[in-house]
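Summary of structural features
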Amino acid sequence: MHRLNGVGLAALDRHTTTNNSYTTLSTTLSHAQITHLQAQLTLFRTALTAFAAKHRTAILDSPSFRHKFTQMCSSIGVDPLAGPRRGGWWAEVIPWVGDWEYELGVQIVDVCVSTRERNGGMIEVADLCRLLNKLRGSPSPSPSSSSSSNSSPPSSNSSPVTEPDILRSVKTLHPLGAGYTVLTLSDGRKYVRSVPKELDQDQAVILAFARGSGSTSTSDDSVSTTLGWTRARATAALENMLLRDGLCWVDEQDREAERVYWVTSAMRWD
Amino acid sequence: MALSTHTTTTGFLLPSIHSAPPFFTQQPHPTSLSIATEQWIQIILKYSRHRRLFTIRVEDSETTGHDWDEVLRNERINRKVLPSYLSYILAQMVSQKLAAYEPPKQDRSVLIYWRLPEEWAEVLHEWVSSTGHLNTIMTFYEITDPPIESPLSGLPIPLLRQAITILSKTNRAQMIAIADGEGVRFFPSTGKA
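Another aspect to go through is helix α1 (residues 30-51) of chain B. Residue and element names in this part refer to chain B. Between the first and last C-alpha of α1 there are 31 Å, a value that for 22 residues agrees with the 32 Å anticipated at 1.5 Å per step. Buried within α1 we find S32, L33, I35, A36, T37, W40, I41, I43, I44, L45, Y47 and S48. Just past α1, the residue R52 takes up positive phi, approximately 55°.

So, on to the side chain of Q253 of chain A. Topologically, Q253 of chain A is positioned in the loop between β5 (248-251) and β6 (260-263). On the accessibility criterion, Q253 of chain A (17% relative accessible area) is buried. Only 3.2 Å separates the side chain of Q253 of chain A from the backbone oxygen of F24 of chain B, close enough to count as a polar contact. Of note is the side chain of Q253 of chain A, whose polar atom sits 2.6 Å from the backbone oxygen of K80 of chain B. Those residues in contact with Q253 of chain A that sit more than four places away from it in its chain are F24, T25, R79, K80 and L82 of chain B.

Looking now at the sheet that holds strand β8 (residues 137-139) of chain B. All names here are of chain B. Taken together, the 3 strands give an open sheet; going across it, the order is β8-β10-β9, and neighbouring strands pair in antiparallel fashion. This sheet does not close on itself; its edge strands, each paired only once, are β8 and β9 (173-178). Strand-to-strand twist in this sheet, taken as the mean axis angle between neighbours without regard to direction, amounts to 40°. The sheet contact formed by β9 and strand β10 (residues 181-186) spans 6 bridges and is antiparallel.

What follows deals with the nonpolar core. Of all hydrophobic cores here, the largest spans 57 residues; its most connected members are W40, W68, I112, L124, I143 and F186 of chain B. Broken down by element, this core gets its largest block of residues, 9 residues, from α1 of chain B. Leave out the neighbours within four places in its chain, and W68 of chain B touches I44, Y47, S48, L53, T55, I56, D60 and I112 of chain B. Within the second largest apolar cluster, 16 residues are counted, among which are L132, I166, L173 and V192 of chain A.

The next point concerns the environment of A20 of chain B. As for its placement among the helices and strands, A20 of chain B is situated in the loop between β2 (13-14) and α1. A relative accessible area of 0% means that A20 of chain B is categorised as buried.

A few words on the pairing of β10 of chain B. Alignment of β8 of chain B against β10 of chain B, held across 3 bridges, turns out to be antiparallel. Note that in β10 of chain B the partner of I137 of chain B across the bridge is R185 of chain B.

A separate point is the packing of α1 of chain B against helix α3 (residues 83-95) of chain B. In a pair of packed helices, the angle between the axes and the distance between the axes together describe the arrangement. Residue and element names in this part refer to chain B. Close contact between α1 and α3 brings their axes to 10 Å; oriented N to C, the two are set at 80°. Classified by the interaxial angle, the pair formed by α1 and α3 is roughly perpendicular. Contact residues: L33, A36, T37, W40, I41, I44 and L45 in α1; Y85, Y88, I89, Q92 and M93 in α3. Grouping the constituent residues of the contact of α1 with α3 by class yields 10 nonpolar, 2 polar and no charged.

This part is about the packing of helix α4 (residues 117-130) of chain B against helix α6 (residues 157-169) of chain B. All names here are of chain B. In contact at an axis separation of 8 Å, α4 and α6 are set at 80° when each is read in the N-to-C sense. As judged from the angle between their axes, α4 and α6 are roughly perpendicular. Counted together, P117, E118, W120, A121, L124 and H125 of α4 and L159, L160, Q162, A163, I164, I166 and L167 of α6 form the full contact between these two elements. Looking at side-chain class alone, the contact of α4 with α6 contains 10 nonpolar, 2 polar and 1 charged residues.

Residue and element names in this part refer to chain B. Pairing is antiparallel across the open sheet formed by 3 strands, whose spatial order is β3-β7-β6. Edge strands, defined here as strands with exactly one partner in the open sheet, are β3 (55-57) and β6 (99-101). For this sheet, the mean inter-axis angle between neighbouring strands, taken without regard to orientation, is 30°. Of the strands in this sheet, β3, β6 and β7 (109-112) are in contact with α3, which crosses β6 at around 110°.

All right, on to the pattern of salt bridges then. All names here are of chain B. Taken as a whole and assessed by the stated rule, the structure comprises 10 salt bridges over all chains. Note that R57 is salt-bridged to E59, the shortest N-O span being 3.2 Å. When its relative accessible area of 36% is taken as the criterion, R57 is described as partly exposed. For R57, the salt bridge is made with D60, and the minimal N-O distance between the two is 3.2 Å. By sharing partners, the salt bridges in this structure join R57, E59 and D60 into a single network.

All names here are of chain B. Within the element layout of this structure, Y88 appears in helix α3. With relative accessibility at 26%, the residue Y88 sits in the partly exposed group. Residues Y88 and D107, spaced 19 residues apart in sequence, show a C-alpha to C-alpha distance of 9.9 Å. Once residues within four sequence positions are removed from consideration, Y88 is found in contact with Q26, L33 and T37.

Right, let's get into the confidence of the model for chain A. Caution applies to low-pLDDT parts of the model: their predicted coordinates are not meant to be read in detail. All names here are of chain A. Per-residue confidence for chain A averages 71 on the pLDDT scale, and 64% of its residues sit at or above 70. Element-level pLDDT for chain A is lowest in helix α4 (residues 90-93), with a mean of 51, against a maximum mean of 86 in helix α1 (residues 9-54). The low-confidence segment residues 83-89 (pLDDT under 50) makes 7 contacts with residues lying over four places distant or belonging to another chain. Predicted confidence is poor over residues 142-157, with pLDDT under 50, and the contacts of this stretch with residues over four places away or in other chains come to 16 contacts.

Each value, and the rule that gives it
Residues numbered from 1 in each chain as written. Chains lettered and ligands numbered in written order. Predicted model: local features only at pLDDT ≥ 70, side-chain atom pairs only at ≥ 80, totals over all residues. Heavy atoms only, no water. Helix = DSSP H or I, 4+ residues; strand = E, 2+ residues; numbered from the N terminus. Expected span 1.5 Å × (residues − 1). Buried < 20%, exposed > 50% of the residue type's maximum accessible area, 1.4 Å probe, protein only. Polar contact = N/O pair within 3.5 Å; in protein donor to acceptor, adjacent residues only side chain to side chain. Contact = heavy atoms within 4.5 Å. Pairing = 2+ DSSP bridges. Axes fitted to C-alpha atoms, helices over the stretch in contact; angles between N-to-C directions. Core = buried A, V, L, I, M, F, W, Y, C linked by side-chain atoms within 4.5 Å. Parallel < 35°, antiparallel > 145°, perpendicular 65-115°, else oblique. Nonpolar A, V, L, I, M, F, W, Y, C, P; charged D, E, K, R; others polar. Salt bridge = Lys/Arg side-chain N within 4 Å of Asp/Glu carboxyl O. pLDDT = per-residue confidence, 0-100.

Spelled out as C-alpha cells, the structure:
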C-alpha cells in the first residue's frame with residue numbers, strides 16, 4: 001500500500017538519496033558549465049588574438065580604426081592597456097597596443113614639460129594634439145590645422161594622433177603620480193593639466209570665457225561686464241592668473257583697455 | 001586670432017610671436033619675462049646679422065626712421081617696444097655676453113656680438129691671409145673699408161680692436177703706432193697657437 005506516500009524511515013532514506021542525487025547533478029551541471037565557459041573564453045581569446053594580429057598595422061596606423069577597436073574592447077569589458085603589471089594575458093596578446101600608448105604618453109609628458117613655462121601647465125587638448133603631431137612628424141588629423149605651417153613634412157613615419165588617443169594616454173600616465181589630468185571647462189573645452197595645482201574656480205571661468213568668446217585676450221572690463229562680477233574681482237582673478245600662475249601675458253599698449261590679458265595657448269611659437 | 005610670421009621689406013622673416021601684442025610689453029611674471037626676452041634677443045641677433053648692423057641703442061625705441069624700425073615696431077598691430085623694456089633686453093644681452101656697452105660705462109648703447117669677438121678674430125686673420133696682406137702693416141681703415149667688399153666691411157673699430165687683441169695673444173697680430181694713428185701687422189699662424 002503506497003498511500004501514505006512514503007513516510008517513515010524509508011522515506012527519510014529516500015529523501016537523503018534524492019538530495020544526494022540532486023547535489024551530484026548540480027555539481028555535474030556546474031562543471032559542464034564551467035568547461036563550456038572556459039572553452040568559449042579560449043575560443044574568444046584565440047579569435048581576438050588573431051584579429052588583433054591581422055589588423056595590427058591598421059590599428060597602429062589609422063586613428064579611426066584604433067578608436068573602434070578600443071570601443072569594441074571596452075564594450076566587451078576588456079582593457080587593452082592592462083600591461084604586464086597586472087599580469088594579465090593581455091600582455092602577450094596585444095603588447096604593442098600598450099607600448100604605443102605608453103610611447104604616446106611619454107611624448108605627451110615631453111610636450112607638456114616643454115610648454116609648461118609658457119602656459120603655466122595647462123595646455124588645450126587641441127594644441128597638444130597639434131604639437132604632438134608636429135613632434136612625430138605626422139600630419140594633423142583635422143582638416144583645419146594650424147595656419148603657421150610653413151614647414152609641413154611631406155612624409156610621416158607614424159600615424160596622426162587624435163583627441164581620444166590623447167585622453168587614453170593621459171589616463172595611463174595617472175599611476176606615475178605626476179598629476180596629469182584632463183580638465184573639462186564649462187564650455188566643453190578640454191585641457192591637460194601637468195602641474196598638480198588646483199585651478200582656482202575663478203580662473204577656470206575666465207579661461208572658458210576668454211576662449212569661448214572667440215578671442216584670446218580679455219580685459220577686466222569685458223570680464224566684469226559679461227560675467228557680472230565686480231571690477232575688483234575680475235581684476236584680482238586676472239592678476240592672479242598673470243602674476244602668480246603665469247597663465248597669461250599682459251599687453252599694456254592697447255588703446256581701449258588699460259591692460260589686456262592674453263591667454264598663452266593663443267600665442268603660437270614657431 | 002591666428003598669429004602669423006611676417007617678412008619685412010628688407011627680406012627678414014619675423015617669427016609669429018612678433019605679431020602678438022603682449023610680446024611688446026615687459027611681463028611681470030618672471031618666467032614669462034625670461035621667455036619673451038629670450039625671443040627678443042634672438043630676433044635682435046638674427047636681424048643684426050641679416051642687415052649687418054652692429055649697434056643698437058635705447059634711443060632707437062624712442063625714435064623712428066632708423067634701421068631698427070622693422071623689429072622694434074609692429075605697425076600692423078600698432079605696438080612698439082618701450083624704452084624701459086629695450087633697456088632691460090640690452091642689459092640681458094650684455095650679461096649673456098652677446099653684446100657689450102660701447103662706449104663703456106654707459107647703458108644706452110651696445111655693440112652687438114652677432115658674431116663673437118673670437119669668431120671675428122678668425123675671420124679677420126683668414127681674410128688677411130687670403131688677400132696676401134700677411135707681414136705687411138695695415139691701417140684700420142684698410143681693414144674696415146677695403147675697396148672690395150669683405151666680411152669685415154663696416155666693422156666698428158672697437159670690435160676690430162678686440163679681434164686684434166685676441167689674435168695678438170696667439171702671436172698672429174701686433175699693433176703698431178704709425179704716422180696717422182694706429183696700424184697692425186699680421187703674422188701667419190705658426191701652428192702652435
